[in-house]
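Here is how the chains run, residue by residue.
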Amino acid sequence: MAWSVVIAGGGFGGYYAARTLERILPAHAARVTLVNDVNFMLYTPLLPGAAAGTLEPRHVVVPLREELDRTDLRLGRVTGADPDRNVLGVRTIEGHDEELRYDQLIVALGSVSRTFPVPGLAEHAIGFKTLPEAIALRNQIIGHLERAETLDDPAAREGYLTYVFVGAGYAGVEALAELQDFMGEIIELYPRCRTQGMRFVLVEARDRIMGEIDADLAAFAARELRGRGIEIRTSTTLEEVAAEQVRLSTGETIPCRCVVWTAGVKPHPTVANLGLPLDETGRIRTSTAMRVVGHRNVWAIGDAAAVPDPAHPGRPSPPTAQHALRQGRRVAQNVAAELGAGGRVRPFTYKTLGAFVDMGRCQAVARTGPFKWRGFPAWLMARTYHLALMPGVKRRYRLLVDWNVDLLFPRDTSELGQLGHPERLDEGFQAMTAGGTSTDGLTPETADGDAAATRARDRTA
Ligand SMILES: Cc1cc2nc3c(=O)[nH]c(=O)nc-3n(C[C@H](O)[C@H](O)[C@H](O)COP(=O)(O)OP(=O)(O)OC[C@H]3O[C@@H](n4cnc5c(N)ncnc54)[C@H](O)[C@@H]3O)c2cc1C
C-alpha cells in the first residue's frame, strides 16, 4: 500500500515541499495530499506591485493545480489534528468535515498579521498580508481620491488624502513606497487633490526602520522615503484609531481615513488546534531537521514553525519566504528519507544570502553576501531575482510584460471593488424604487459618513 503524505498549507513552504516530493518520490510510492484554503500560492514579495497596479493581481499568484502534477489538492480549511491517531481534520470547501489519515504530516500553515490591543485598530485599519487586503487598499485609495475631489472644504479633504502606515519592516516599507508612487502618479488626474497634495506617514515603534537589514541600507531607504515627502516617525507607536483620525504615542493627532497595519506577523491561529508543542510566540517547536518535538512523523516549516536558525543559534528562523521555501525542499527530502526513498534526514542549514527591498521608481536597497547595493542596480537585481524565483515560465513572461507596460504607460485608476460581487438580478430595480441608486460604480460611502462600515465592506471586496 502507498504511503500517505499530507501537507497542511500550500504557501511557500507547502508548495515547495509538494513539488520536491513529486520529483524525488517514485511515482506510486506515496500519495501526496496538499490541503489549502485557496487554489493558489500567493507570491507575497510582489503584493505591493499588485496593490499599486503595476502588476495584474492574477500574475502574483501561482495556481497550484497548474504547477503540481501528481499532488492531490484538497481545497478546504484545516481545523485541527489528532497526532496520536495520525489524522488531520479538514472542513472541505463544500462544507463537510473529514479526517485525512497520514503516515507523514508536514505543517506549513503560515502566519497572519500580528495585532495589538490598540483601540479602534480592528475596526478601522487594514492589513497588508493577503491579496484581498492589497486590492481593497488600492480600491480604497482610488475611492478616497474620488470622494476628496467632490469636497469643497480642504479641511474635509485632508483625511481622505492622508495615509498612515504602521510598522516599518521591509513589507511595510515596500507597500508604502509602491502605493505612494502609485498615488503620486494618479493624483495628477484629480485637480483639487493635486493642488492640496497628499500626506504619507510611516510609524515605527523601534528607533529605525527595517530592523531586519543593515543599518546603512535602512538609512539609505529612509533618505529615499523622506526625499519623496514621506514622514517617518520612529520610536513612536499607534495609540488609537478612529474613523477619521489616529493618535500617536507622541500625542500627535493625524486626520486620516486610511490606516495600514504592517507591524509583523504571528503564526496562523489554526496551529494552536493541532495538538503540537508551541514556543512562547505560538510557533511549532521543531528540531533542526524540522521534525516536531515529540512526534516522529510530523514536521513543521515556514512562518508557523520555530525551526532553529542556522545563522543565529538559539533563535528561530525569521519568517521569510526565503526560509520557508528552502525548508519546504529540505523537509520533503527528509520525509522521503524517512519513507525509505533514499538519502537521510538532515538538518536545515540555509543562511540568508541576501535581502532586497524594492521601493518602486527604480529604487531599491539590497544585500547579497558581503555586498551592499542601492538605487537602480539594487532595483534591477530585485526584479531579476523575483523573475527567476517565480514558478512557471508563463508567469515569468507575464511579469515581464506587466513591468514593461508600467514603464511605458500610466497606471489605471478604475476602482473595481465590486468585481466578483454582482448585484442580485432584482436589486437594481429595488434600489431605484427606494431612491438609492449608485451610478458611479464606486463602493458607496454611507450618508452619515460612516467610513468604518465602508472600510469593512471594502476589505471583503
Ligand atoms: C507583503 C509581504 C511581502 C513579503 N515580502 C517578502 C520578501 O520580499 N522576501 C521574503 O523572503 N519574504 C517576504 N515575505 C514573507 C513571506 O511571505 C512569508 O515568510 C512566507 O509566505 C511564509 O511561507 P509559509 O509557507 O510559512 O506561509 P504562507 O506562504 O503564508 O502559506 C500558508 C498557506 O496556508 C494556507 N492556510 C492558512 N491557514 C489554513 C487553514 N486553516 N487551512 C488551509 N489552508 C490554510 C494559506 O492560505 C497559505 O496558502 C513577505 C510577506 C508579506 C506579507
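Please refer to the structure placed before this passage.
Residues numbered from 1 in each chain as written. Predicted model: local features only at pLDDT ≥ 70, side-chain atom pairs only at ≥ 80, totals over all residues. Heavy atoms only, no water.

## Let's talk about the state of the cysteines
And then number 1: Under the definition given, this model contains zero disulfides.
And then number 2: Looking at the unpaired cysteine 256, the closest cysteine sulfur is the one in cysteine 258, lying at 6.4 Å.
And then number 3: With a relative accessible area of 1%, cysteine 258 lands in the buried category. (Disulfide = S-S within 2.5 Å. Buried < 20%, exposed > 50% of the residue type's maximum accessible area, 1.4 Å probe, protein only.)

## Description of the packing of helix 1 (residues 12-24) against helix 10 (residues 321-338)
In helix packing, the relevant descriptors are the interaxial angle and the interaxial distance, both defined with respect to the helix axes.
And then number 1: At their nearest, the axes of helix 1 and helix 10 sit 7 Å apart, and the two run at 35 degrees to each other. For the pair helix 1 and helix 10, the sense of crossing is right-handed. Taking contact as the criterion, the partners of Phe12, Gly13, Tyr16, Ala17, Thr20, Leu21 and Ile24 in helix 1 are, on helix 10, Ala321, Ala324, Leu325, Gly328, Arg329, Val331, Ala332, Gln333, Val335 and Ala336. (Axes fitted to C-alpha atoms, helices over the stretch in contact; angles between N-to-C directions. Helix = DSSP H or I, 4+ residues; strand = E, 2+ residues; numbered from the N terminus. Left-handed = near helix turned anticlockwise from the far one by under 90°. Contact = heavy atoms within 4.5 Å.)

## Here's the deal with the site of the ligand
And then number 1: In the neighbourhood of the ligand, 28 residues make up the surrounding shell, with Gly13, Asp37, Thr44, Val78 and Asp303 lying closest.
And then number 2: Residue glycine 13 places a main-chain N or O atom 2.8 Å away from an oxygen atom belonging to the ligand.
And then number 3: Between the ligand and threonine 320, the relevant distance is 3.3 Å, taken from an oxygen atom to a main-chain nitrogen or oxygen of the residue.
And then number 4: Contact with the protein chains removes 91% of the 990 Å² of surface that the ligand exposes when unbound.
And then number 5: Looking at the shell around the ligand, the elements with two or more residues in it are helix 1, strand 5 (72-82), helix 7 (170-186) and helix 10. (Near = heavy atom within 4 Å. Polar contact = N/O pair within 3.5 Å; in protein donor to acceptor, adjacent residues only side chain to side chain. Areas by Shrake-Rupley, 256 points an atom, 1.4 Å probe, with all protein chains shown as cover.)

## Topic: the packing of aromatic side chains
And then number 1: In the structure shown here, the tally under the stated rule is eight aromatic pairs.
And then number 2: Taking 5.0 Å as the distance between ring centres and 20 degrees as the angle between the ring planes, the aromatic pair formed by tyrosine 163 and phenylalanine 200 counts as stacked. Separated by 37 residues along the polypeptide, tyrosine 163 in strand 11 (residues 162-166) and phenylalanine 200 in strand 12 (residues 199-203) bring together distant segments of the chain.
And then number 3: The class of tyrosine 163 is buried, set by a relative accessible area of 1%.
And then number 4: Accessibility expressed as a relative area gives 2% for phenylalanine 200, which makes it buried.
And then number 5: Through successive ring pairs, a cluster of aromatic residues spans Tyr163, Phe165 and Phe200. (Phe/Tyr/Trp six-rings, centres within 6.5 Å; stacked < 30°, edge-to-face > 60°.)

## Describing the pairing of strand 11
And then number 1: Within strand 11, five of the five residues are buried, which leaves the element mostly enclosed by the surrounding structure.
And then number 2: In strand 11, alternate side chains face the same way, and those of Thr162, Val164 and Val166 on one face and Tyr163 and Phe165 on the other are all buried.
And then number 3: Strand direction decides the pairing type here: strand 11 and strand 12, joined by five bridges, are parallel. Bridge pairing in strand 12 links phenylalanine 165 to leucine 202. (Pairing = 2+ DSSP bridges.)

## Overview of the sheet that holds strand 15 (residues 245-248)
And then number 1: Overall, antiparallel pairing links the three strands, which are arranged 14-15-16 in an open sheet. The open sheet has two edge strands, strand 14 (238-241) and strand 16 (253-255), and neither has a second partner. Strand-to-strand twist in this sheet, taken as the mean axis angle between neighbours without regard to direction, amounts to 20 degrees.
And then number 2: Inspection of the sheet shows strand 14 paired to strand 15 by three bridges, in the antiparallel sense. Residue pairing for strand 15: glutamate 240 is matched across the bridge by arginine 247.

Worth remembering: the numbers are spatial, not functional.
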